[in-house]
Amino acid sequence: MKKNKIIAILIVLVSFFAFSCSSSKNLAVDEVAEQEDLSQNQTEEESDEKKSEKNKNYLGWEKTSNRPIDYTNGIINIRIKPKLGSFCFYVINEDEKHIPVMSTTNEYVLSSFYLKAGKKVYKLNDDTNVQPYARTTENGCEILYTIPKVASVTVMFDCLASTEDGEADMIKVTANVQNIGQKKKDFALKLIMDTVLGETDRHHFYVKNNSAIKNETSYRRFNDDTWFLSKNVNASMQIFFQGKDVTPIDFVAFANFSTLNTPAWEPNMQNYRTFDTILSYNNSAFSVNWIPKNLEPEKSFDEIFYMAFATGDASPKGALYMGPAKKNEVDFLKNAPTEKKKDEPKVIELIEVVPEVKEESEVQVIEEPENVQEIKPAIEEITPVQVEEIVEEVKEDNVVPQVKFDVTSLSKEQLTTEYIQNLLDKIANLEQSGTALNRTELLQLNAELDAILSVLRQ
């Protein structure tokens, strides 16, 4: 009996000892697992820190993801594609509809800043040598373009109100260029903006006092209160290259986008050419070149201009905010047709036949109306730029305006089969529309076609 009790006690002790060892072993395993988890978490945190440091450039900007940046203030909405460094501006109307004032195709890359460093030109939102970064700020957005060992360009879009009690309706654009190379170098900045508002309006652009820009136009300097406007029935955009702290420009051009979007730093402008080309119809844009500057390493400069916006038929109030420009910048030079010389080039005259005049008796009735007497001098020296005004004056009467086209201005491209076919197609499309505005274009295009055919017959 006593022996059995001793055996039972031994069994209990052995069981207790085995249980204790098992518990200690499990605890040790749990502690090891916990230590491994802590170590793994610490490793992941260190890895994230390293990735974060890797995505920072020398100025401390963090490289953003592919997710677009969207900033709204007042009636202005700014959208940026950080991966490309492309941007677009929108106007927000009363119905909360976002109306773009720039082309939104191809992820906004048609509108871009360009940097000329020495002889090399970089399109900042479409160049593999450029590293874009972006972020929002208190009053807008910023894009940083870095070209390693060459330059950095920081473009700041700051929203502000044109009046003290109003909401944000203006954007101040500031572009800072810094030389991060080792040598002194010449730098120049350019902007091409592919606009869209004027493409559904009677004219693509206007100057102050609603004076329309009907043909390709360029400026070197301005009057002391000159500004430009792009508009339609939905929104309007006012552009200022002077006033306040705006920096002086070297060259401003308004033309078809294809005319401005060329390898040449300064586009080849033709003041008789409309906003349409054979390869690009009804596609308006403007470009601005700022004055080149010579920079020492680590030195920088700013280029500044402003834009004001409005919705519907309201007018932008930017002029109230900007005020007049400085008096030392009032020289105004606008590209205009040069005066005719004594030896005028050979021209081809085109007479448009009015369908309503069917019988000879009807033709004889039209004997020198008063309005014909008034426009006779203009018809004698008419240029393509003047065609639209003359047609508007006489469109209610059976008066047949004449258009002259300078044969010597024809290029080799205009004498090719492809160009002529495109010209014929365009004339056919305009004839089908039948509007008074298109009738004006028909005069010009038919005059050009006659001039081309007369050259080819020789």
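As the structure is a computational prediction, the values presented were derived from the model and not from experiment.

Caption draft 1: Examining the sheet that holds strand 3 (residues 86–92) more closely. Reading across the sheet, the 4 strands line up as 1-2-3-4 and stay open at both edges, with antiparallel pairing between neighbours. Each end of this open sheet is capped by a strand with a single partner; those strands are strand 1 (69–73) and strand 4 (98–100). Ignoring which end each strand starts from, the neighbouring axes of this sheet average 30° apart. Pairing of strand 2 (residues 76–81) with strand 3 involves 6 bridges; the strand directions are antiparallel. Residue pairing in the sheet places Asn77 in a bridge with Tyr90 of strand 3.

Caption draft 2: View of the nonpolar core. Core analysis: the biggest nonpolar cluster contains 64 residues, and Ile78, Phe87, Phe89, Phe113 and Phe241 have the highest contact counts within it. By size, the runner-up hydrophobic cluster in this structure holds 12 residues, among which are Tyr114, Phe251, Ala255 and Phe257.

Caption draft 3: Quick peek at the packing of aromatic side chains. The final tally for this structure, using the stated rule, is 18 aromatic pairs. Seen in terms of ring centroids, Phe87 and Phe89 are 5.6 Å apart; in terms of plane orientation they differ by 40°. Their pairing is tilted. With respect to class, Phe87 is no different from Phe89; both count as buried. Centroid distance Tyr219 to Phe254: 6.2 Å. Interplanar angle 90°. Geometry classified as edge-to-face. Here the residue Tyr219 occupies a position in strand 14 (residues 217–221), and Phe254 occupies one in strand 17 (residues 249–256), the gap between them amounting to 35 residues. In this structure, Tyr219 and Phe254 share a single accessibility class: buried. Cation over ring: Lys81 sits above Tyr108, and NZ or CZ is 4.7 Å from the ring centre. Positioned above the aromatic ring of Tyr206, the side-chain terminus of Lys231 is 4.7 Å from the ring centre.

Definitions and limits used
Starting afresh in each chain, residues are numbered from 1 along the sequence in its written order. Note on the predicted model: pLDDT of at least 70 is required for a residue's local features to be given, and 80 or more for side-chain atom pairs to be given and counted; whole-chain, interface and lining totals, by contrast, use all residues. Each side-chain value is worked out from all heavy atoms of the structure, with water and hydrogens disregarded. Between any two strands, pairing holds if DSSP finds at least two bridges. Secondary structure is summarised from DSSP: a helix means a run of H or I of at least four residues, a strand means a run of E of at least two, and numbering begins at the N terminus for each. Angular values range over 0 to 180 degrees, each being the angle between N-to-C directions of two axes fitted as lines to C-alpha atoms, with helices fitted over their stretch in contact. Throughout, nonpolar core names a set of buried Ala, Val, Leu, Ile, Met, Phe, Trp, Tyr and Cys residues whose side chains join them through atoms within 4.5 Å. Partly exposed describes any residue whose relative accessible area lies between the buried limit of under 20% and the exposed limit of over 50%, with all areas from a 1.4 Å probe on protein chains only and scaled to the type maximum. For Phe, Tyr and Trp, where Trp contributes only its six-membered ring, two rings pair if their centres lie within 6.5 Å, and the inter-plane angle classes them as stacked under 30 degrees, edge-to-face over 60, or tilted in between. Placement of a charge over a ring requires the Lys NZ or Arg CZ to be within 6 Å of the ring centre, with the centre-to-atom vector within 35 degrees of the ring normal.

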